There are 2 protein chains.
Amino acid sequence: MRDVAVIGIGCTHFGEKWESSFRDLFIEAGAKALEDANLAGEQINAMYVGNMSAGRFIEQEHIGALIADYAGMATHHIPSTRVEAACSSGGLAFRQAVLSVASGYEDIVVAAGVEKMTDVEPGASTDALTGAADREWEGFMGATFPGLYAMIARDYMHRYSLTREQLAMVPVKNHYNGARNPIAQFQSEITLDTVLKSTMVADPLRLFDCSPITDGAAAVIVAPLERAREFTDTPVKVLATAQASDTISLHDRRDISTLDATVAAGKRAFGMAKLSHDDIQFVEVHDCFSIAEICAIEDLGFCRKGEAGRLTEDGQTAIGGKIPVNTSGGLKACGHPVGATGIKQVCEAVQQLRGEAGKRQIDGARYGMTHNVGGTGATVAVHIFGV
Amino acid sequence: MRDVAVIGIGCTHFGEKWESSFRDLFIEAGAKALEDANLAGEQINAMYVGNMSAGRFIEQEHIGALIADYAGMATHHIPSTRVEAACSSGGLAFRQAVLSVASGYEDIVVAAGVEKMTDVEPGASTDALTGAADREWEGFMGATFPGLYAMIARDYMHRYSLTREQLAMVPVKNHYNGARNPIAQFQSEITLDTVLKSTMVADPLRLFDCSPITDGAAAVIVAPLERAREFTDTPVKVLATAQASDTISLHDRRDISTLDATVAAGKRAFGMAKLSHDDIQFVEVHDCFSIAEICAIEDLGFCRKGEAGRLTEDGQTAIGGKIPVNTSGGLKACGHPVGATGIKQVCEAVQQLRGEAGKRQIDGARYGMTHNVGGTGATVAVHIFGV
């Protein structure tokens, strides 16, 4: 098993990209990553692409070949593979890229993620996203994703005395960070009132508790660690790549406000990296809804169950706090182009570890973690990076 | 890089499975594979699932987690990943399983493929399948898959003097083989007249030149070669796993009747396995349309360009011939549940190499090849197996 490093990153601006097609988006992200790694396209050996539902959003499957083709790489016939795991498609595409380099089958590999969500009506995008849940037992019964996470939020608030205000502090903090991230869909700070007075989506979750519908793409390039310095002065090591699954339906879980796949993937990742929680200086978690960030902090073990609300209220998850969470702005402020999110998280980790995160920079960051969730937690990918 | 072996196989009957859901199908195939490998579910470390378009066919994404869950494997939180590459989804899922074992990250891994195509109207399935082509430049212009392959057939017949009768001999041979395969959708022999008098679909391709719409699932289990005999007395070695891409649109190719991705993947596979064409005793090729088998035989190098029609007419691709092609019955007679086909090909290769192919058996088979195509050749996976 070979060690693997990230040698290049690229990300489009996330948002409602009316002027860019699906193809335009991934070409922009891929070109930026190649430039960042000082590579020409011909040096790429393979590609992995995370995408959740281009079949529903743009009536296109066969995304791996499409991307290789439009990126000009079909002519040298590289392998190009789409990976799908709902909202964790990007995280799993990254993991497959790491495994392919670790295996020795490939050397220089692109892991990309892309989603173009605004080419359909809002109702159609909500319905497509329901494909991440159990269509037969959740979707066909009328459950939407905000509805499922609202059930998690209600259960959690009841059991752990989380206040509505504490929950609202998650998006307030993430908008603060997003306002310092040039790729973020929303670059404006908000107040508690913005969240608490926003439209109710699924009680208790309001509009500002929910990540938005977004177009965007992100790409990173991985290589064997031993070759990384051929391409960059600032390689970032992949210290752990862990993935876990759980029941696809929320009602089949032993406990709906603990994501057991997060717990399992987190433990595996710490074991692989031989690091403890105190070593990790920042974590990008999957805040598709504000409650999801609360659960993730706990399920990854950064505090005990029931304590993440207080941790957030105390500013310990903000930049400068004990464990900064979602310095990028998270899914809430960056936006959530589903297949791209897991790769964007890697881009943020790499920027932090290179010291290139600008106004979001964690001083002297040496180790960071990313956490990408599919559905309500049926798939989770956790990665640890270090310099 | 560790060597990898197939230790178990399982396949549902392929057909119009009105009595089985998507979930039922993969559970049946997976259970058969576990039984074949003398394994319990708890011994599985990871899963890869090939599926093209469950989003369009059954409104469900997140297929990896769904399968892990319904197979009872979510409780121990194994990684489970969907791979999509249109009609080569199964071949690529198998390849990712091989890479994950080769990397050392996983030991005992299921590679499965599943597609449930008959739950939508015929027009909707044809439209979903168009997602394998370039939706913007082929699909939206009115091209269907039979139409695209008809263009290949016309071009090929014009340039290489293939006769309509020679082309019809492909499905006649494949139905002969399928009549000897218990999992095949069509288990009846046909004559040249059956093909030549069948309904025209896209000139020159008639109904019996086209693989059908099919429900089905297949699963295989791979393990490190060094551990294979813990589970089976008849391990089958994976001697090569090659994958290549090409332009997604047919009109962007230098030559529409040569699939360059097949040429590239084939050469890589022979190089990896250190074998020559004379060593290979049978090959399962991707005969989505009769012309596709003709092209595949040539593009893989089993004869020169323009000679596969004569080879077929001379009976050299039949069981007992120089290079038996599609002993399973191929996509034509087995049916083509898109995501499952690449895995079914592996099942056939393993049955042949174990000497368990019954009336389809190639005497003393030691090496065999599988060839799985996505779209009109934008993705190709070629594997070589040996005992």
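Residues numbered from 1 in each chain as written. Chains lettered and ligands numbered in written order. Predicted model: local features only at pLDDT ≥ 70, side-chain atom pairs only at ≥ 80, totals over all residues.

Student: I would appreciate a short explanation of the overall build of chain A in the present structure.
Tutor: From N to C terminus, chain A includes 13 helices and 11 strands. Relative to the compact-globule value of 21 Å for 387 residues, chain A shows a C-alpha radius of gyration of 19 Å, a close match. By principal-axis analysis of the C-alpha atoms, chain A measures approximately 55 × 45 × 40 Å. In chain A, of all internal contacts separated by at least 6 residues, the share reaching a separation of at least 24 is 77%. (Helix = DSSP H or I, 4+ residues; strand = E, 2+ residues; numbered from the N terminus. Rg over C-alpha atoms; globule rule 2.2 N^0.38 Å. Contact = placed C-beta atoms within 7 Å.)

Student: Would you mind showing me how to read the environment of B:Thr327 here?
Tutor: Residue and element names in this part refer to chain B. When you line up the elements, Thr327 lands in the loop between helix H11 (308-313) and helix H12 (330-334). According to the C-beta neighbour criterion, Thr327 is buried, with 29 such atoms within 10 Å. Spatially, the C-alpha atoms of Thr327 and Ser100 are 29 Å apart, while their sequence positions differ by 227 residues. Filtering out sequence-adjacent residues up to four positions away, Thr327 remains in contact with Asn177, Phe282, Ile319, Glu348, Gln352, Ala357, Arg360 and Ile362. (Buried ≥ 20, exposed ≤ 12 C-beta atoms within 10 Å, placed from the backbone.)

Student: Could you clarify how one ought to interpret the confidence of the model for chain A in this entry?
Tutor: The predicted coordinates of low-pLDDT regions are not to be read in fine detail. On average, chain A scores 97 in pLDDT, and the residues at 70 or more come to 100%. At the level of chain-chain contacts, confidence expressed as ipTM amounts to 0.97, with global pTM at 0.98. (pLDDT = per-residue confidence, 0-100.)

Student: Explain the relation of the copies chain B and chain A here, please?
Tutor: Put simply, the second copy of the chain is the first one after a rotation about an axis and a shift along it. Structural alignment of chain B on chain A gives an RMSD of 0.0 Å, achieved by rotating through 180 degrees and translating 0.0 Å along the axis. Put plainly, the chains are arranged around a two-fold axis. When C-alpha distances to the rotation axis are compared across chain B, the minimum falls at B:Ser103, with a value of 1.8 Å. A share of 100% of interface residues in chain B that are also interface residues in chain A marks the association as one of identical surfaces. (Least-squares fit on C-alpha atoms with pLDDT ≥ 70 in both.)

Student: What am I meant to see in helix H7 (residues 164-178) of chain A here?
Tutor: Side chains three or four residues apart in an α-helix point the same way, a direct result of the helix having 3.6 residues per turn. Residue and element names in this part refer to chain A. Taking 1.5 Å of rise per residue, 15 residues should cover 21 Å, and H7 covers 22 Å from first to last C-alpha, within 8% of that figure. Most of H7 sits out of view: 11 of its 15 residues are buried. Its buried side turned inward, H7 meets helix H8 (192-196), helix H10 (290-299), helix H11 (308-313) and helix H12 (330-334). (Expected span 1.5 Å × (residues − 1).)

Student: Is there a simple way to think about the pairing of strand S3 (residues 80-84) of chain A in this case?
Tutor: Consecutive side chains of a regular strand alternate in pointing toward one face of the sheet and then the other. S3(A) sits mainly inside the fold: 5 of its 5 residues count as buried. Where strand S2 (residues 46-50) of chain A lies against S3(A), 4 bridges are found, and the strand directions are parallel. Within S3(A), the position partnered with A:Met47 by the bridge is A:Ser80. Pairing of S3(A) with strand S3 (residues 80-84) of chain B involves 3 bridges; the strand directions are antiparallel. Note that in S3(B) the partner of A:Val83 across the bridge is B:Val83. (Pairing = 2+ DSSP bridges.)

Student: How do you make sense of the interface of chain B and chain A when you look at a structure like this?
Tutor: How big an interface is tends to be stated in terms of accessible area lost as the parts join. Each partner contributes to the interface: chain B provides 51 residues, whereas chain A provides 51 residues. Of all the elements in the fold, those that place two or more residues in the side of chain B that touches chain A are helix H2 (54-57), helix H3 (63-70), S3, helix H4 (89-103), strand S8 (236-245) and helix H9 (260-273) of chain B. Of the residues belonging to the side of chain B that touches chain A, the class tally is 23 nonpolar, 19 polar and 9 charged. (Nonpolar A, V, L, I, M, F, W, Y, C, P; charged D, E, K, R; others polar.)

Student: How do you make sense of unusual backbone geometry when you look at a structure like this?
Tutor: Excluding glycine, most residues fall at negative phi; most peptide bonds, likewise, are trans. Along the chain, A:Asp203 connects to A:Pro204 via a cis peptide bond; the corresponding omega equals 10 degrees. Topologically, A:Pro204 is positioned in the loop between strand S5 (200-202) and strand S6 (205-206). A positive phi angle is found at A:Lys274, which is not glycine, with a value near 55 degrees. Assignment of secondary structure puts A:Lys274 in the loop between helix H9 (260-273) and strand S9 (282-284). Phi at B:Glu59 is positive, roughly 60 degrees, even though this residue is not glycine. Residue placement: B:Glu59 occurs in the loop between H2 and H3. Residue B:Glu59 is classed as partly exposed on the basis of its 18 C-beta neighbours within 10 Å.

Student: Is there a simple way to think about the domain arrangement of chain A in this case?
Tutor: All names here are of chain A. By the assigned domains, chain A splits into domain 1 (4-121 + 214-236) and domain 2 (141-212 + 237-386). Taking only C-alpha atoms into account, the centre of domain 1 sits 23 Å from that of domain 2. Taken together, the contact between domain 1 and domain 2 spans 40 residues of the former and 35 residues of the latter. Those elements that provide at least two residues to the side of domain 1 that touches domain 2 are strand S1 (4-11), helix H4 (89-103), strand S4 (109-115) and strand S7 (216-224). Ranked by residues supplied to the side of domain 1 that touches domain 2, first place goes to H4 with 8 residues. Tallied by class, the residues present in the side of domain 1 that touches domain 2 amount to 25 nonpolar, 12 polar and 3 charged. (Domains from an automatic or database assignment.)

Student: Would you mind going over the packing of H4(A) against helix H13 (residues 338-354) of chain A with me for this structure?
Tutor: If you want to describe how two helices pack, look at the angle between their axes and the distance between the axes. Residues and elements named next belong to chain A. H13 packs onto H4 with a crossing angle of 55 degrees between their chain directions and a minimal axis gap of 5 Å. The angle between H4 and H13 places the two elements in the oblique class. Here H4 contributes Ser89, Gly90, Gly91, Ala93 and Phe94 to the contact with H13, which in turn contributes Val338, Gly339, Ala340, Thr341, Gly342, Ile343 and Val346. Looking at the contact of H4 with H13 residue by residue, the classes come out as 6 nonpolar, 6 polar and no charged. (Axes fitted to C-alpha atoms, helices over the stretch in contact; angles between N-to-C directions. Parallel < 35°, antiparallel > 145°, perpendicular 65-115°, else oblique.)

Student: Teacher, can you tell me more about the packing of H7(A) against H10(A) here?
Tutor: Residue and element names in this part refer to chain A. In the contact formed by H7 and H10, the axes pass within 8 Å of each other and the chain directions differ by 95 degrees. Looking at the two axes, H7 sits roughly perpendicular to H10. In this structure, H7 uses Leu167, Val170 and Pro171 to contact H10, whose residues at the interface are Ser290, Ile291, Glu293 and Ile294. Residue classes in the contact of H7 with H10 are distributed as 5 nonpolar, 1 polar and 1 charged.

Student: Even after reading the chapter, I still don't get the environment of B:Thr379, so can you show me in this structure?
Tutor: Mapped onto the secondary structure, B:Thr379 falls in strand S11 (residues 379-386). Looking at B:Thr379, the number of C-beta atoms within 10 Å reads 35, which means it is buried. Remark: the alpha-carbon pair of B:Thr379 and B:Ala133, spanning 246 residues in sequence, is separated by 11 Å. In contact with B:Thr379, not counting residues within four places along its chain, are A:His62, A:Gly64, A:Ala65, B:Ala85, B:Ala86, B:Ser88, B:Ser245, B:Ala261 and B:Gly374.

Student: How should I be thinking about the nonpolar core in this particular structure?
Tutor: One broad rule of soluble globular proteins: the nonpolar side chains tend to lie buried together. Core analysis: the biggest nonpolar cluster contains 284 residues, and A:Ala112, A:Val222, B:Ala112 and B:Val222 have the highest contact counts within it. Apart from the residues within four sequence positions on either side, B:Val222 is in contact with B:Val4, B:Ala5, B:Val6, B:Ile7, B:Ala97, B:Val98, B:Val101, B:Val109, B:Ala111 and B:Val238. (Core = buried A, V, L, I, M, F, W, Y, C linked by C-beta atoms within 7 Å.)

Student: Is there a simple way to explain the pairing of strand S7 (residues 216-224) of chain B in this structure?
Tutor: Residue and element names in this part refer to chain B. Of all 9 residues making up S7, 8 are buried, and the element is well covered by its neighbours. One ladder, built from 7 bridges, connects strand S1 (residues 4-11) with S7; its direction is antiparallel. What sits directly across from Gly8, in S7, is Ile221. Note: strand S4 (residues 109-115) against S7, 7 bridges, orientation antiparallel. Its bridge partner lying in S7, Ala112 is registered against Ala219.

Student: Quick question: what am I supposed to make of the environment of A:Ser125 here?
Tutor: All names here are of chain A. Assignment of secondary structure puts Ser125 in helix H5 (residues 122-129). A residue is classified by how many C-beta atoms lie within 10 Å of it, and Ser125, with 19 of them, is partly exposed. In this structure the C-alpha to C-alpha distance between Ser125 and Thr379, which are 254 residues apart in sequence, comes to 20 Å. Excluding its chain neighbours within four sequence positions, the residues that come into contact with Ser125 are Met117, Val120 and Ile213.

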